[in-house]
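What follows is the residue order along each chain.
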Amino acid sequence: MKPDLSLPPVRGKLLQDASLAPYTWFRVGGPADWLFLPADDDDLSDFLRALDPAVPVTVLGVGSNLIVRDGGIAGVVVRLMGKYWGEIDALDDGTVTARAGALDLSVAKAAASAGIRGLEFLSGIPGSVGGATRTNAGCYGSELKDVLVRLEGVTRSGARAAFKGEGLPGDLPEAHFSYRHTDLLDDFIVTRLVLQGSGTDTPADILADIETLQARRAETQPIRDKTSGSTFANPDPPGTPDQRSAWKVIDAAGCRGLRVGGAQVSEKHCNFLINTGDATAADLEALGELVRARVFDHSGIQLRWEVRRIGRLQPPA
């Protein structure tokens, strides 16, 4: 049975048994016991401070790189959405501040409109900057850690905390990143980032470059399907050049177009899984594991999931 939680009062929204499928790009998954949409930082901090420490808390971004399992998620799911959490401000010193719910593409365009170069790569990352921080997301030769000056957030206990980017001066503790990974605690909720541009240019020229990147993405990725970001991280070297790209080893193992139930490996880019219309989360996860097994049998490479898989396999009895 689900626990009968006594939750603290909030100024935002608290929704019981809230379906999470509409909040994920795959459009699959069970409900949250409780979904919390905080009004602002204070609302989030006050709620977590008053919440029973035994209640699990899960953070959900825009769901672009996520499979919520069919049994849903226990406890409280926090989602930072709405006007407040999408605020972006481009400053005269060449930095851009963005709250965690701001879309990566929106941040890239805001920087471009201010004549700030160096953040165009964000336009190729699906999702929000909060989610991008959790995975040190990157593309086109750049990663979030390369432009991060400062990140702010809230701990599970409701305390405020801040970290500086790698190698930067100052008294704040340093956030550490590696390929598609950060050492931030799982229950730390990123609320705001400060990102550093690399120079200036005319807004029209930067926006034109973003449009070029967007067109390239549309040509090579199944962005109009119910999908996510890349399913698997690229294999770690060593290996031949063809063994350093996840899509290449997946293709070599004969997985392009492979299906389980309503889930399919994209024909367009085989490091993407797609929901063809009636997939369950179990279909998607089973297909991913089948791909991993076939790749291992073919090349000995152990692919690592880049898509997060969270929640219960089955609803509580």
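Rules used in this analysis
Residues numbered from 1 in each chain as written. Predicted model: local features only at pLDDT ≥ 70, side-chain atom pairs only at ≥ 80, totals over all residues. Heavy atoms only, no water. Pairing = 2+ DSSP bridges. Helix = DSSP H or I, 4+ residues; strand = E, 2+ residues; numbered from the N terminus. Axes fitted to C-alpha atoms, helices over the stretch in contact; angles between N-to-C directions. Buried < 20%, exposed > 50% of the residue type's maximum accessible area, 1.4 Å probe, protein only. Polar contact = N/O pair within 3.5 Å; in protein donor to acceptor, adjacent residues only side chain to side chain. Contact = heavy atoms within 4.5 Å. 1 Å grid on protein atoms, 1.4 Å probe; cavity = no way out; pocket = protein on both sides within 12 Å on 5 of 7 lines; lining within 4 Å. Points joined across faces, edges and corners; volume = space filled by probe spheres on them. Nonpolar A, V, L, I, M, F, W, Y, C, P; charged D, E, K, R; others polar. Core = buried A, V, L, I, M, F, W, Y, C linked by side-chain atoms within 4.5 Å. Phe/Tyr/Trp six-rings, centres within 6.5 Å; stacked < 30°, edge-to-face > 60°. Salt bridge = Lys/Arg side-chain N within 4 Å of Asp/Glu carboxyl O. Parallel < 35°, antiparallel > 145°, perpendicular 65-115°, else oblique.

Help me understand the sheet that holds strand β11 (residues 148–154), please; the structure alone is not making it clear to me.
Backbone-to-backbone hydrogen bonds join strands into a sheet, with any given pair of strands oriented parallel or antiparallel. Strand order in the open sheet made by the 5 strands is β6-β7-β15-β11-β12, with antiparallel pairing throughout. In the strand order of this sheet, the two ends are held by β6 (88–90) and β12 (160–164), each with one partner. Neighbour-to-neighbour, the strand axes of this sheet turn through a mean angle of 15°, independent of strand direction. As judged from the 3 bridges shared by β6 and strand β7 (residues 95–99), these two strands associate in the antiparallel manner. Residue pairing in the sheet places Ala90 in a bridge with Val96 of β7.

Help me out: how do you make sense of the side chain of Thr227 in this one?
Summarising the element assignment, Thr227 is placed in the loop between α4 (203–220) and β17 (232–233). Of the residues examined, Thr227 reaches a relative accessible area of 5% and is grouped as buried. A distance of 2.6 Å separates a polar atom in the side chain of Thr227 from the backbone oxygen of Leu273. If near-sequence neighbours (up to four positions away) are discounted, Thr227 is found in contact with Trp25, Phe26, Pro222, Phe272, Leu273 and Ile274.

What should I look at first to understand unusual backbone geometry in this one?
Residue Arg27 is not a glycine yet carries a positive backbone phi of 60°. Inspection of the secondary structure puts Arg27 in the loop between β1 (13–19) and β2 (31–37). The backbone of Asn136 shows a phi angle near 45°, a positive value even though the residue is not glycine. Checked against the element boundaries, Asn136 lands in the loop between α3 (129–135) and β9 (138–139). A relative accessible area of 0% places Asn136 in the buried class.

Explain empty space enclosed by the protein here, please?
Sizing a probe to match a water molecule and rolling it over the atoms shows the empty space that remains. Going through the model one piece at a time under the given rule, you end up with 1 cavity of 30 Å³ or more. Volume-wise, the largest cavity comes out at about 30 Å³. In this structure, the largest cavity is lined by Trp25, Pro126, Arg217, Gln221, Ile223, Thr227, Ser228, Gly229 and Phe272. Residues of the lining of the largest cavity, tallied by class, amount to 4 nonpolar, 4 polar and 1 charged.

I would appreciate a short explanation of the nonpolar core in the present structure.
For soluble globular proteins, nonpolar side chains are generally found buried alongside one another. Counting residues in hydrophobic clusters, the biggest one holds 30 residues, and the most contacted among them are Val107, Leu119, Leu122, Leu151, Leu193 and Leu195. Elements with a minimum of two residues in this core: β7, α2 (104–113), α3, β11, β15 (189–196) and α4. If near-sequence neighbours (up to four positions away) are discounted, Leu119 is found in contact with Val96, Ala108, Ala111, Val147, Leu195 and Gln196.

Sorry, what's going on with the packing of aromatic side chains here?
What characterises a pair of aromatic rings is the spacing of the ring centres plus the angle enclosed by the ring planes. For the structure on display, the rule yields 4 aromatic pairs. When the ring of Phe163 is compared with that of Phe188, the centres are 5.6 Å apart and the planes differ by 90°; the resulting orientation is edge-to-face. Of this pair, Phe163 sits in strand β12 while Phe188 sits in the loop between β14 (181–182) and β15, placing them 25 residues apart in sequence. Taken individually, Phe163 and Phe188 each receive the classification buried, so the pair is uniform in this respect.

Looking at this model, I keep getting lost on the pattern of salt bridges. Mind explaining?
Oppositely charged side chains may form a pair once their charged atoms are brought near each other. Under the criterion given, the structure shown has 20 salt bridges. Between Arg69 and Glu285 there is a salt bridge, with its nearest N and O atoms 2.8 Å apart. Taken together, the residues span a long stretch of sequence, with Arg69 in the loop between β4 (66–68) and β5 (73–79) and Glu285 in helix α6 (residues 281–299) at a distance of 216 residues. Residue Arg69 shares its accessibility class with Glu285, and that shared class is buried. The closest approach of N and O atoms between Arg309 and Glu285, which form a salt bridge, is 3.2 Å. Taken together, the positions of Arg309 in strand β22 (residues 308–310) and Glu285 in helix α6 put the pair 24 residues apart, joining distant regions of the chain.

Is there a simple way to explain the packing of α2 against α4 in this structure?
In helix packing, the relevant descriptors are the interaxial angle and the interaxial distance, both defined with respect to the helix axes. Orientation of α2 relative to α4, taken along the N-to-C sense of each, is 155°, at an axis distance of 8 Å. Relative to α4, the element α2 lies roughly antiparallel. Counted together, Leu105, Ala108, Lys109, Ala112 and Ser113 of α2 and Pro203, Ile206, Leu207, Ile210 and Gln214 of α4 form the full contact between these two elements. Considered class by class, the residues forming the contact of α2 with α4 number 7 nonpolar, 2 polar and 1 charged.

Purely geometric numbers; function is a separate question.
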